[in-house]
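Structural description and commentary
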Amino acid sequence: MTNLRYQFKIMKITSFDQYKQVYKHSVEQPEEFWAGIAETFQWKKKWDKVLEWNFKEPNVKWFQGGKLNITESCLDRHLEKDGDRAAIIWEPNDPKDEHRVLTYKQLHEKVCQFANVLKNNGAKKGDRICIYMPMVPELAIAVLACARIGAIHSVVFGGFSAQSIADRIQDASCNIVITADGSFRGNKEVPLKSIIDDALVQCPTVERTIVLTRTRTPVAMIKGRDVWWEDEIKKVETQGNPSCPAEEMDAEDMLFILYTSGSTGKPKGVVHTCGGYMVYTGYTFKTAFQYEPGEVYFCTADIGWITGHSYIAYGPLTQGATSVMFEGIPTYPSPGRLWEIVEKFKVNILYTAPTAIRSLMSFGDDVVKNKDLSSLTKLGSVGEPINEEAWHWFDEKIGHGNCPIIDTWWQTETGGFMISPIANVTPLKPSFATLPLPGVQPILVDEYGKEIEGNGVNGNLCIKFPWPGMLRTTYGDHERCRTTYFSAYENLYFTGDGCMRDENGYYRITGRVDDVLNVSGHRIGTAEVENAINMHSSVVESAVVGYPHDIKGQGVYAFVVCPNKHEDDELTRKDIVMTVARIIGAIAKPDKIQFVSGLPKTRSGKIMRRILRKVAEGDTSNLGDTSTLLDPAVVDEIKTGAL
Ligand code: WTA
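Definitions and limits used
Residues numbered from 1 in each chain as written. Predicted model: local features only at pLDDT ≥ 70, side-chain atom pairs only at ≥ 80, totals over all residues. Heavy atoms only, no water. Helix = DSSP H or I, 4+ residues; strand = E, 2+ residues; numbered from the N terminus. Rg over C-alpha atoms; globule rule 2.2 N^0.38 Å. Areas by Shrake-Rupley, 256 points an atom, 1.4 Å probe, with all protein chains shown as cover. Lys, Arg positive; Asp, Glu negative; His and termini not counted. Charge placed at Lys NZ, Arg CZ, Asp CG, Glu CD. Domains from an automatic or database assignment. Contact = heavy atoms within 4.5 Å. Buried area = accessible area lost by both parts, 1.4 Å probe. Salt bridge = Lys/Arg side-chain N within 4 Å of Asp/Glu carboxyl O. UniProt positions renumbered as here; feature names shortened; annotations may be inferred. Pairing = 2+ DSSP bridges. Axes fitted to C-alpha atoms, helices over the stretch in contact; angles between N-to-C directions. Near = heavy atom within 4 Å. Polar contact = N/O pair within 3.5 Å; in protein donor to acceptor, adjacent residues only side chain to side chain. Nonpolar A, V, L, I, M, F, W, Y, C, P; charged D, E, K, R; others polar. Buried < 20%, exposed > 50% of the residue type's maximum accessible area, 1.4 Å probe, protein only. Arc of directions from axis to C-beta. Phe/Tyr/Trp six-rings, centres within 6.5 Å; stacked < 30°, edge-to-face > 60°. Lys NZ or Arg CZ within 6 Å of the ring centre and 35° of its normal. Core = buried A, V, L, I, M, F, W, Y, C linked by side-chain atoms within 4.5 Å.

Another aspect to go through is the overall build of the protein chain. Scanning the protein chain from terminus to terminus reveals 20 helices and 30 strands. On C-alpha atoms alone, the protein chain measures out to a radius of gyration of 24 Å, which is about the 26 Å that the 2.2 N^0.38 rule sets for 643 residues. A total of about 24600 Å² of accessible surface is found on the protein chain, and carbon and sulfur atoms cover 49% of it. Of the side chains in the protein chain, 71 bear a positive and 81 a negative charge, and the two mean positions are spaced by 2 Å.

This is the structure we're talking about:
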């Protein structure tokens, strides 16, 4: 086994030369490299084999034979030395309310307590549990409690509709739902339990819902099915056993399912497993941010997305970090809120999204001027390409030119950061995610899957060697995992992203090359939105494309064929928007709806999206070759009606 000095060296990288050495080693001896990293986590039993893989099936197994429970690396191992250190500092939606601090000891206790609640309510290892909750500490507690007993969590973001929740619950046959009466988001209240009630009409597998009190809006509590979180906690308190042994898990046992959008059909359940995910999220968090114990770290994501899973719930806790968790939104009650939180908790590392940065920029510099941001030492960005203007504003106005911007490129499927600078090590270049982290082997290919070598090139971004945090399957449908990610190019994982590599070998992600939109950093499949629009009773068909949006990055532009619409177009538009909100959720609402009499199709019936994208972008001067269209006249009408 690897020695301690070596482990220290690979976790703490102090110079660019050292990064290059470590990277070289990680590619030449990947198994030795990852075994060295894995040693720095807590295992019940070490693995027998580091890696077995092929990208054909695909079949990827890391740390086979290893036994662990991820919550022991997140919680138990810190108790003795650092039990009184803050694990989570929670800031409520309303700044007038009290913030809460949970030390590692307290978090451990609460996770054990709620794990016992889950057991009392019939939860067992391997069960699927759906979590639909506000950003309160109990969300993190629920996630970790599932992991504690070996149940597989499936967290659904609070902005999804009842229908989307029902689809996800059905797909994974969940038997328990954990939710809250409601959630506070800015000046809005979302009736979470009531949405769950609507979803459960379609979900016979659910036997129990556990409901946390947050907004105390009236809720329907159904006898035999619904119980209050607080009552259940009282029960375990009177049972008098506060501890809960951590279930022994196989390294390749499922840890969680997280649904994400692709270019076809319904969202798929990306599956992550216990051992590799733990090692990968912990390692990448420590490495990219060069996190040092004591630093206060603030990730503004929601635990409903992968960023919250990997870099609020799991990665930072494995490293004994102190995290700020925020319930509200950056603009409530005023656009200075994020900066006030930084000031209040003396945040050192701020990790946020370009869409948030652009939105806050739009309020002007005065909002930032009188805030004390001097505690900040490192900044991070995630979710979408960061444009240069936003990069420089973040750098100058927030980082005062002193904080490296860690632009982390990764995906739900990759589990953790893939291409990212290392803080204070990698020379930065605005709008570039820079270089692969150790252990990550990106390659660019052309449309035929041929590697594009050399620098100063563009191509489709693929990964040619497994990494511990990668997805293992899509829940209940392994073939879908193969066709989506491993069939476009032989023996490669295809990311769906386009990418350029500059003269120095630096990577810049240029955006999705498939039919996936990135709206405010949220992934939305155009096919999904089209299906939802087509559910509207007077819609015949539709086509959805993205267009550049100043704040959101991309907006949703829908071309809709709707011959029997109401005489007031605006009314029909509102109905369509409402239909999408009902079917998917508010996050997928179209920004623009253009009514058309037909869509531009080829003779074989394929919609020519290229033309629609140009129209949506407002660039109708050169639509390219339209000669293969069935009815070229349709294009003139679409051009004239562009919004
Ligand atoms: C995009 C979010 C450019 C990309 C962690 C990817 C980015 C998709 C970046 C995954 C970045 C994420 N620069 N683009 N730093 N980070 N993306 O699954 O298109 O919600 O494929 O994971 O977001 O979105 P997901």
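There's plenty left to go through after this.
Moving on, we come to the domain arrangement of the protein chain. When the domains of the protein chain are assigned, the result is domain 1 (16-69 + 255-512), domain 2 (104-140 + 148-247) and domain 3 (516-640). Of note, the centres of domain 1 and domain 3, computed from C-alpha atoms alone, are 31 Å apart. In this complex, domain 1 contributes 18 residues to the contact, which on the side of domain 3 involves 15 residues. Buried area between domain 1 and domain 3, both sides added, is near 1400 Å², and the carbon and sulfur share of it is 49%. Among the residues domain 1 hides against domain 3, the three largest losses belong to S261, W305 and R512. Together they make up 36% of the total. At the surface where domain 1 touches domain 3, the tally comes to 1 salt bridge.

What follows covers the UniProt feature "domain: AMP-dependent synthetase/ligase" (unreviewed entry) in the protein chain. In this structure's numbering, the residues bearing the UniProt feature "domain: AMP-dependent synthetase/ligase" (unreviewed entry) are residues 76-466. Here residues 76-466 is 33% helix and 22% strand, with 29 Å between the C-alpha atoms at its ends.

Whether parallel or antiparallel, the strands of a sheet pair through hydrogen bonds between backbone atoms. Spatial ordering of the open sheet is given by β12-β11-β8-β6-β7-β14-β15-β23, a layout of 8 strands whose pairing is mixed. Among the strands making up the open sheet, the edge pair consists of β12 (226-228) and β23 (473-474). Direction of pairing for strand β11 (residues 208-212) relative to β12: parallel, over a ladder of 3 bridges. Looking across to β12, one finds that T209 is bridged to D226. Against the sheet, helix α9 (residues 229-239) touches β8 (176-180), β11 and β12, its axis set at about 70° to β12.

Surrounding the ligand, one finds 17 residues, the nearest of these being D407, T408, T412, D497 and R523. Interatomic distance of 2.8 Å between a side-chain N/O atom of R523 and an oxygen atom of the ligand. About the coverage of the ligand: the protein hides 96% of its 530 Å² of free accessible area. Counting residues per element, the ones that place at least two in the shell around the ligand are α11 (306-318), β20 (405-408) and β25 (507-512). Residue composition of the shell around the ligand, grouped by class: 6 nonpolar, 6 polar and 5 charged.

Moving on to the environment of W43. With respect to the helices and strands, W43 occurs in the loop between α3 (30-38) and β1 (49-54). The spacing of W43 and Q594 is 551 residues in sequence and 57 Å in space, taken between C-alpha atoms. Beyond its immediate sequence surroundings of up to four residues, W43 is in contact with A38, F63, G66, K67, L68, A251, G275, M278 and V279.

All right, on to the environment of L360 then. Turning to its location among the elements, L360 is positioned in helix α13 (residues 354-361). Since its relative accessible area comes to 3%, L360 is described here as buried. In sequence terms L360 and E138 are 222 residues apart; their C-alpha atoms lie 28 Å from each other. Residues within four places of L360 in sequence aside, it is in contact with P330, T331, P335, L338, W339 and W393.

Looking now at helix α19 (residues 609-617). Residues R609, I611, L612, V615 and A616 constitute the buried set of α19. Buried positions in α19, seen along its axis, are confined to an arc of 155° and lie on one side of it. Residues of α19 that are buried in the fold lie against α17 (526-534), β28 (541-549), β29 (553-561), β30 (592-596) and α20 (633-640). Where α19 ends, the next residue or the one after it, G618, has phi of about 85°, a positive value.

This next bit is on the packing of aromatic side chains. The description of two aromatic rings rests on the distance between their centres and on the angle between their planes. Within the structure shown, the criterion is met by 39 aromatic pairs. Note on F285 and Y297: the rings are 4.9 Å apart at their centroids and 80° apart in plane angle, and the pair reads as edge-to-face. Taken together, the positions of F285 in helix α10 (residues 274-289) and Y297 in strand β16 (residues 296-299) put the pair 12 residues apart, joining distant regions of the chain. The same class applies to F285 and to Y297, which are both buried. Here the aromatic cluster, defined as three or more aromatic residues joined through ring pairs, consists of F33, W34, W43, W47, W62, F63, Y280 and Y283. For R100, the ring lying beneath its charged end belongs to W90, and the centroid distance is 5.9 Å. Looking at K592, its charged tip hangs above the ring of Y547, at a distance of 4.6 Å from the centre.

In the structure shown here, the tally under the stated rule is 40 salt bridges. A salt bridge links K96 to D94, with the nearest nitrogen and oxygen atoms 3.8 Å apart. Note on D94: relative accessible area 21%, which makes it partly exposed.

Of all hydrophobic cores here, the largest spans 169 residues; its most connected members are F114, I178 and Y314. No other element matches the 10 residues that helix α6 (residues 137-149) contributes to this core. When near neighbours in sequence (up to four residues on either side) are disregarded, Y314 contacts I70, C74, V143, L144, A147, H153, L255, F256, Y277, T281 and H309. Core analysis: the second largest hydrophobic core is formed by 29 residues, V296, F298, F345 and V368 among them.

Now for the UniProt feature "domain: AMP-binding enzyme C-terminal" (unreviewed entry) in the protein chain. Per the UniProt entry, the sites bearing "domain: AMP-binding enzyme C-terminal" (unreviewed entry) are residues 528-606 in this numbering. Split by type, residues 528-606 is 28% helix and 29% strand. Its first and last C-alpha atoms lie 17 Å apart.

Turning to its location among the elements, D395 is positioned in helix α15 (residues 388-398). Despite its burial, D395 pairs with no opposite charge; the closest candidate is K397, at 10 Å N-O. Not counting residues up to four positions away in its chain, the partners in contact with D395 are H400, G401, C403 and I405.

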